[in-house]
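Remarks on the overall topology
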Amino acid sequence: SQTIHQWPATLVQPVGSPLSLECTVEGTSNPNLYWYRQAAGRGLQLLFYSVGIGQISSEVPQNLSASRPQDRQFILSSKKLLLSDSGFYLCAWTLRGMNTEAFFGQGTRLTVV
Amino acid sequence: LAKTTQPISMDSYEGQEVNITCSHNNIATNDYITWYQQFPSQGPRFIIQGYKTKVTNEVASLFIPADRKSSTLSLPRVSLSDTAVYYCLVGEIALTGGGNKLTFGTGTQLKVEL
């Protein structure tokens, strides 16, 4: 069966510090991968999606970046965090193609102080 | 790009049927309609997906009229545990590389009371 791992679960970081969130998927190959952010009481904002290794599409201009060094690994990074980067970050995957059934990780609660 | 519109919130009582309608006037021919449920501090969970007419699973039913410009998620006999945010998504073809962008809207906050 397929599983998705996302860590850490919670993170408190000072303004200006770097960020690295990692997401890995097991039990499938060539997934589409996604990073979302959810501010408190708000909907999900699509940040990045990837259809293959090294293929990253960015949805929102910001100080975040994403990388996909391996087929089932998706990393969200920042060189210098802003207060506005606080939120609930979610990684998700779907089967390759136009599939709309997504499976989400448990999320990372990031607080920038 | 197909955009969705849903009510911001709905209230119901245990045992009632709840219908949440989503408008997607610009839906494309190849687009599927998908609904998700999200509890606080958790990722969304897939509920149901359909293309036209009616789809039913163990959790919900999805009604899609012939013009496909709207869809209705029906939750039979809701309970307190159905209190959550419900999102309607319409397939959005990525501009490059294929795949589906999966853009979520603001969703509908359903509150179920005793």
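Every value quoted in this text rests on a predicted model; they were computed, and no experiment measured them.

Here the focus is the packing of aromatic side chains. Inspection of every chain in the model, using the stated rule, returns 12 aromatic pairs over all chains. By way of ring pairs, the aromatic residues Y34, Y36, Y49 and F104 of chain A together with Y36, F46, Y87 and F104 of chain B are connected into one cluster.

As a rule of thumb, nonpolar side chains are buried together in soluble globular proteins. Formed by 20 residues in total, the largest nonpolar core has its most connected members in I33, W35, I47, L73, L75 and Y86 of chain B. Counting residues per element, this core draws most heavily on strand 8 (residues 84–90) of chain B, at 4 residues. In terms of nonpolar packing, the next biggest core, distinct from the first, is built from 19 residues, I4, L19, L47 and L81 of chain A among them.

Take T10 of chain A: it is sitting in strand 2 (residues 10–13). The spacing of T10 of chain A and Y89 of chain A is 79 residues in sequence and 9.8 Å in space, taken between C-alpha atoms.

Before going further, it helps to examine the pairing of strand 8 (residues 73–78) of chain A. All names here are of chain A. With 6 of its 6 residues buried, strand 8 lies for the most part within the structure. Every second residue of strand 8 is oriented toward a common face, with Q73, I75 and S77 on one face and F74, L76 and S78 on the other, all of them buried. By the bridge criterion, 6 bridges tie strand 3 (residues 19–26) to strand 8 in an arrangement that is antiparallel. Residue pairing in the sheet places C23 in a bridge with F74 of strand 8. With 5 bridges connecting them, strand 7 (residues 64–70) and strand 8 associate as antiparallel partners.

Glancing now at the interface of chain A and chain B. Opposite the 25 residues of chain A that make contact, chain B presents 24 residues. The contact between chain A and chain B buries some 1800 Å² in all, and 55% of this surface belongs to carbon and sulfur atoms. Viewed at the interface, chain B and chain A are joined by 0 salt bridges. In this structure, the connection of chain A to chain B is made through 5 residue pairs in polar contact (both at pLDDT 80 or more). Only strand 4 (32–38), strand 5 (44–52) and strand 9 (87–94) of chain A provide two or more residues apiece to the side of chain A that touches chain B. When its residues are assigned to classes, the side of chain A that touches chain B shows 11 nonpolar, 10 polar and 4 charged.

Here is what the cut-offs are and how they apply
Residues numbered from 1 in each chain as written. Chains lettered and ligands numbered in written order. Predicted model: local features only at pLDDT ≥ 70, side-chain atom pairs only at ≥ 80, totals over all residues. Heavy atoms only, no water. Phe/Tyr/Trp six-rings, centres within 6.5 Å; stacked < 30°, edge-to-face > 60°. Core = buried A, V, L, I, M, F, W, Y, C linked by side-chain atoms within 4.5 Å. Buried < 20%, exposed > 50% of the residue type's maximum accessible area, 1.4 Å probe, protein only. Helix = DSSP H or I, 4+ residues; strand = E, 2+ residues; numbered from the N terminus. Pairing = 2+ DSSP bridges. Contact = heavy atoms within 4.5 Å. Buried area = accessible area lost by both parts, 1.4 Å probe. Salt bridge = Lys/Arg side-chain N within 4 Å of Asp/Glu carboxyl O. Polar contact = N/O pair within 3.5 Å; in protein donor to acceptor, adjacent residues only side chain to side chain. Nonpolar A, V, L, I, M, F, W, Y, C, P; charged D, E, K, R; others polar.

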